[in-house]
Amino acid sequence: MAAVGILDVDLCGPSIPRMLSIGRPDVHQCDAGWVPVYADAQKSLALMSIGFLLEDPDEAVVWRGPKKSAMIGQFVSDVAWGELDVLLVDTPPGTSDEHLAVLENLKKHRVDGAILVTTPQAVSTGDVRREITFCKKTGVRVLGIVENMSGFVCPHCSECSNIFSKGGGEDLAKLTGSVFLGSVPLDPLLSSSIEEGKDFMQSFPNSATFSAINSISQALLSSLQND
Amino acid sequence: MADVPDNAPEHCPGTTSEQAGKSSSCEGCPNQKVCASGATKAPDPAIAEIGAKLSTVKHKILVLSGKGGVGKSTFSAHLAHALASDSTKEVALLDVDICGPSIPRIMGLEGEQVHQSGSGWSPVYVDDNLAVMSIGFLLSSPDDAVIWRGPKKNGMIKQFLRDVDWGDLDYLIVDTPPGTSDEHLSIVQYLSATHVDGAVIITTPQEVSLQDVRKEIRFCQKVKLPIIGVVENMSGFVCPSCKNTSQIFPPTTGGAERMCADLNLPLLGKVPLDPRIARSCDEGKSFLNEVPDSPSAEVYQNIVQSECF
C-alpha cells in the first residue's frame, strides 16, 4: 500500500480536512517535528493543514504574504512526514506567495511536477494558461492537465449538459503542448461524498466518475514511474 | 515611500508591514534603518488621496468569497451590466484579482489596453456608462503570469484606486480573488477614508464553500465591512431536456439559506446553474441580454432591483 501525504497550503480556505473527514484533531510535536494527522488507521494517508491549527473552524486567517510564506515554510520543513511514496500539495488559486513559498521550500527536495486543474470554460483555462507560465518560469514540469466539472449526465433522462462549456481542457493541453490527463464529470455523488468526508472511491467504484479519476491517477503514476 | 521600494531585496515584507526593517530579508537593504525606525509605518498618504479621489463615487460594493470558483467574477460583471442598464447611471467595475484577472474576458474586452492621460489611467469602456479596469489590460499576452508577492499586489491595487480617472460614478464594484489576504486587506485599507456600502458574498450550496464563506464573513466583521448580503450560485440545475431539477452541489448542511439564518444575514438570491451563463461569460456577453428569460437571469434582476443596491 502506498504512503501518501497531502500538504494543504490553502491557508485562507483549507478544505482538505473536511473532505477527508478528519475533523479537528490536535497536532502533536515529536522529536522530528510536527506529527501529521492520519486519515486512516494504517497511516497510509497523512495530512497537514492549517485547518488543524485553528481553535475555531470559522476563524479567518487574515494574513499578508510574508506570514503565509513563513507558515508554509514550517509546513514543509517541520512536519515529520516519515517515508512517503508521494507528497501531494494542494494550493489555492493564483501565482503568488503560497506558490512561491512552496517551491522555495521544496527546492532542496525533488519536485516531480505540477498537475493543473481547470474547468472546460475559457474563463478558467485563461487563468490556467498563466499558471502554466508560472510553472515554466519556476522550472516546474507540467505533469498534465485535468478537466474537472466536465459535463453533467442528468440522472433522470441521461442527457449530457455541458454546464461549464466543453473541451477547454483538451484545447489548452494542445495549445500549450501539455499532456491531457483526462476529464472528470460533474457528479452530485462525488460532491456529497466530499461534503460528508466519505471515501467516494470506496462507495461508488462502479461509477463513471470513479473510472475517470482512476484513469487519471494511473496515467499520472506511469508518467512519474517513467521518469 | 512605495510599499516595496525599487531597491528592496526580493523578499521585502513591505515598508508598512510589522516586519519592516526587521525580517531576515531586510539584511543589507539600504532602507533597513528607516523601516526599522517605524517611520514608514505612518499612515499611507495614498489613503487620504484615494478618499478625495473617490468622494465622487456614490456607492462602493465589494464582491467577496472565501472560496474560489463560486462565480464572483460572473456576479460582479453581471451586477455591473444590470446597474448600467439604467443609462442615467455611471458604473465602473474594478478587478483586483491580480493573478487571475477574468473580468476582461467576461466583459468582452480581451486584448484591450489601458491609456494614460494627464488625469491618470483611463479605464476601458464597455458602454458609455460602464467602465472597467483590470491588470488584464496591462498584460501583453494571455500567457503572461503575474508572479507577485503580497506587497507588489498591494501597490497595484493602490494605483488602481488612486491613479485611474474614474470620473463621477454612481457605482464602483470591486471584484476580488478568493481569500482573506493581501488583496482584501489592501482594498479595505485603501478605501478606509471613503464610505463603502459593503460586501456581497458569493457561495455555492456546498459546505466546503460555506466553510470558507464563514471565514470571509468573520473577515468582514473584523475589518468592520458591512455585509449587504449573500448570493448562492449554482443552486440547482434544471435539465433542458426533461426539465427535472438536480442538485449538482447538494446543500448537505442547509446551503446558504441555513447559514444566513444562523448568522442573521440577508440571502439576496439563489441562482440556478444554466449552461448559457458559462457560454455568455466565455463570449464576453451579458447573459442578462442573451437569455433574459432564463430563471438565472430573473434571479439576478431581482437581486439588483432589491433595495440593497
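What you see is a predicted model, and the numbers here were worked out from it, not measured in a lab.

Trainee: Help me understand the overall build of chain B in this model?
Mentor: Within chain B, the regular secondary structure consists of 11 helices and 12 strands. Rg of the C-alpha trace for chain B: 20 Å, near the compact-globule value of 19 Å for 309 residues, within the 12% margin. Across the 309 residues that make up chain B, the buried fraction comes to 60%. Accessible area of chain B: about 12,200 Å², with a carbon and sulfur share of 47%. Between the mean site of the 26 positive side-chain charges and the mean site of the 38 negative ones, chain B shows a separation of 7 Å.

Trainee: Looking at this model, I keep getting lost on the packing of helix α3 (residues 72–84) of chain B against helix α11 (residues 295–305) of chain B. Mind explaining?
Mentor: A packed helix pair is summarised by two numbers, namely the angle formed by the two axes and the spacing between the axes. Residues and elements named next belong to chain B. Contact geometry of α3 with α11 gives a least axis separation of 10 Å together with a crossing angle of 65°. By the angle between their directions, the pair α3 and α11 is classed as roughly perpendicular. Of the two possible hands of crossing, α3 and α11 adopt the one that is right-handed. Two secondary-structure elements touch here, α3 through Thr-74, Phe-75, His-78, Leu-79, Ala-82 and Leu-83 and α11 through Tyr-300, Gln-301, Ile-303 and Val-304. Each residue belonging to the contact of α3 with α11 can be placed in one class, and the counts come to 7 nonpolar, 3 polar and no charged.

Trainee: Help me understand the nonpolar core in this model?
Mentor: Inside soluble globular proteins, nonpolar side chains tend to come together where they are buried. All names here are of chain B. Counting 89 residues, the largest nonpolar core has Leu-62 and Phe-160 as its most contacted members. Looking at which element gives the most residues to this core, the answer is α3, with 7 residues. Not counting the four nearest positions on each side in its chain, Phe-160 is found in contact with Leu-94, Asp-95, Val-96, Ile-98, Trp-121, Met-133, Ser-134, Ile-135, Leu-138 and Trp-166.

Trainee: Is there a simple way to think about the sheet that holds strand β12 (residues 267–270) of chain B in this case?
Mentor: Residues and elements named next belong to chain B. Here we have 8 strands laid out as an open sheet, ordered β5-β6-β2-β7-β1-β8-β9-β12, and mixed in their pairing. Each end of this open sheet is capped by a strand with a single partner; those strands are β5 (124–127) and β12. Between one strand axis and the next, the sheet turns through 20° on average, direction left out of account. For strand β2 (residues 91–95) and strand β6 (residues 130–134), the ladder comprises 5 bridges, and the chain directions are parallel. Opposite Val-91, over in β6, you have Leu-130 as the bridge partner.

Trainee: Explanation requested: the interface of chain B and chain A in the structure shown.
Mentor: Accessible area lost when the parts come together is the quantity often used to give the size of an interface. At the junction of the two partners, chain B supplies 61 residues and chain A supplies 56 residues. Summed over both sides, the interface of chain B with chain A buries roughly 4,900 Å², with 55% coming from carbon and sulfur. Interface area lost by chain B to chain A is led by Ile-147, Arg-149 and Lys-215 of chain B, which between them contribute 13%. Summed over the shared surface of chain B and chain A, the result is 5 salt bridges.

Trainee: Would you mind going over the packing of helix α2 (residues 65–78) of chain A against helix α3 (residues 97–106) of chain A with me for this structure?
Mentor: All names here are of chain A. For the pair α2 and α3, interaxial distance at closest approach is 9 Å and the crossing angle is 35°. Handedness of the crossing formed by α2 with α3: right-handed. Contacts from Gly-65, Pro-66, Lys-68, Ser-69, Ile-72, Gly-73, Val-76 and Ser-77 of α2 reach α3 at Asp-97, Glu-98, Ala-101, Val-102, Asn-105 and Leu-106. Classifying every residue of the contact of α2 with α3 gives 6 nonpolar, 5 polar and 3 charged.

Trainee: Would you take a moment to explain the confidence of the model for chain B for this structure?
Mentor: Low pLDDT marks stretches whose predicted atomic positions should not be read closely. On average, residues of chain B score 92 in pLDDT, and 99% of them reach the 70 mark or higher. Interface confidence in the predicted complex, given as ipTM, is 0.91; pTM for the same model is 0.91.

Trainee: Which parts of the structure should I look at to understand the UniProt feature "binding site: [4Fe-4S] cluster 2" (unreviewed entry) in chain B?
Mentor: In the UniProt entry, the feature "binding site: [4Fe-4S] cluster 2" (unreviewed entry) is given for Cys-239 and Cys-242 of chain B. For Cys-239 of chain B, the position within the fold is in the loop between β10 (237–238) and β11 (245–246). When near neighbours in sequence (up to four residues on either side) are disregarded, Cys-239 of chain B contacts Cys-154, Cys-157 and Glu-159 of chain A together with Asn-244 of chain B. When sequence neighbours within four positions are dropped, the list of residues in contact with Cys-242 of chain B reads Cys-154, His-156 and Cys-157 of chain A.

Trainee: In this structure, what is going on with the pattern of salt bridges? I would like to understand it.
Mentor: If you walk through the whole model with that rule in mind, you get 19 salt bridges over all chains. Taking the shortest distance from any N to any O, the salt bridge between Glu-98 of chain A and Lys-68 of chain A comes out at 2.9 Å. With Glu-98 of chain A in helix α3 and Lys-68 of chain A in helix α2, this residue pair connects regions lying 30 residues apart in the sequence. For the pair formed by Glu-98 of chain A and Lys-68 of chain A, the shared burial category is buried. Linking Asp-112 of chain A and Arg-110 of chain A is a salt bridge whose minimum nitrogen-to-oxygen distance equals 2.9 Å. If you follow the salt bridges from partner to partner, you end up with Arg-18 of chain A together with Glu-207 and Arg-214 of chain B in one network.

Trainee: Explanation requested: empty space enclosed by the protein in the structure shown.
Mentor: Residues and elements named next belong to chain B. In the structure shown here, the tally under the stated rule is 1 cavity of 30 Å³ or more. Volume-wise, the largest cavity comes out at about 90 Å³. Lining the largest cavity are 15 residues; nearest its centre among them are Cys-12, Pro-13, Cys-26, Cys-29 and Cys-35.

Trainee: For this particular structure, what's the right way to read the UniProt feature "binding site: ATP" (unreviewed entry) in chain B?
Mentor: Within this structure's numbering, the places UniProt gives as "binding site: ATP" (unreviewed entry) are Gly-66, Lys-67, Gly-68, Gly-69, Val-70, Gly-71, Lys-72 and Ser-73 of chain B. Assignment of secondary structure puts Lys-67 of chain B in the loop between β1 (57–64) and α3. Setting aside residues up to four positions removed in sequence, Lys-67 of chain B forms contacts with Gly-13 and Ser-15 of chain A together with Lys-72, Pro-178, Val-208, Ser-209 and Asp-212 of chain B. A distance of 2.8 Å separates the side chain of Lys-67 of chain B from the side chain of Ser-15 of chain A, its partner in a polar contact. By the element assignment, Gly-69 of chain B lies in the loop between β1 and α3.

Trainee: For this particular structure, what's the right way to read the packing of aromatic side chains?
Mentor: Residues and elements named next belong to chain B. The final tally for this structure, using the stated rule, is 6 aromatic pairs over all chains. With centroids separated by 5.2 Å and ring planes inclined at 85°, the aromatic side chains of Phe-287 and Tyr-300 adopt a geometry described as edge-to-face. Of this pair, Phe-287 sits in helix α10 (residues 287–290) while Tyr-300 is found in helix α11, placing the two residues 13 residues apart along the sequence. Here a set of aromatic residues connected by ring pairs shows up, and it is made of Phe-75, Phe-287 and Tyr-300.

How each quantity is defined
- Residues numbered from 1 in each chain as written.
- Chains lettered and ligands numbered in written order.
- Predicted model: local features only at pLDDT ≥ 70, side-chain atom pairs only at ≥ 80, totals over all residues.
- Heavy atoms only, no water.
- Helix = DSSP H or I, 4+ residues; strand = E, 2+ residues; numbered from the N terminus.
- Rg over C-alpha atoms; globule rule 2.2 N^0.38 Å.
- Buried < 20%, exposed > 50% of the residue type's maximum accessible area, 1.4 Å probe, protein only.
- Areas by Shrake-Rupley, 256 points an atom, 1.4 Å probe, with all protein chains shown as cover.
- Lys, Arg positive; Asp, Glu negative; His and termini not counted.
- Charge placed at Lys NZ, Arg CZ, Asp CG, Glu CD.
- Axes fitted to C-alpha atoms, helices over the stretch in contact; angles between N-to-C directions.
- Parallel < 35°, antiparallel > 145°, perpendicular 65-115°, else oblique.
- Left-handed = near helix turned anticlockwise from the far one by under 90°.
- Contact = heavy atoms within 4.5 Å.
- Nonpolar A, V, L, I, M, F, W, Y, C, P; charged D, E, K, R; others polar.
- Core = buried A, V, L, I, M, F, W, Y, C linked by side-chain atoms within 4.5 Å.
- Pairing = 2+ DSSP bridges.
- Buried area = accessible area lost by both parts, 1.4 Å probe.
- Salt bridge = Lys/Arg side-chain N within 4 Å of Asp/Glu carboxyl O.
- pLDDT = per-residue confidence, 0-100.
- UniProt positions renumbered as here; feature names shortened; annotations may be inferred.
- 1 Å grid on protein atoms, 1.4 Å probe; cavity = no way out; pocket = protein on both sides within 12 Å on 5 of 7 lines; lining within 4 Å.
- Points joined across faces, edges and corners; volume = space filled by probe spheres on them.
- Polar contact = N/O pair within 3.5 Å; in protein donor to acceptor, adjacent residues only side chain to side chain.
- Phe/Tyr/Trp six-rings, centres within 6.5 Å; stacked < 30°, edge-to-face > 60°.

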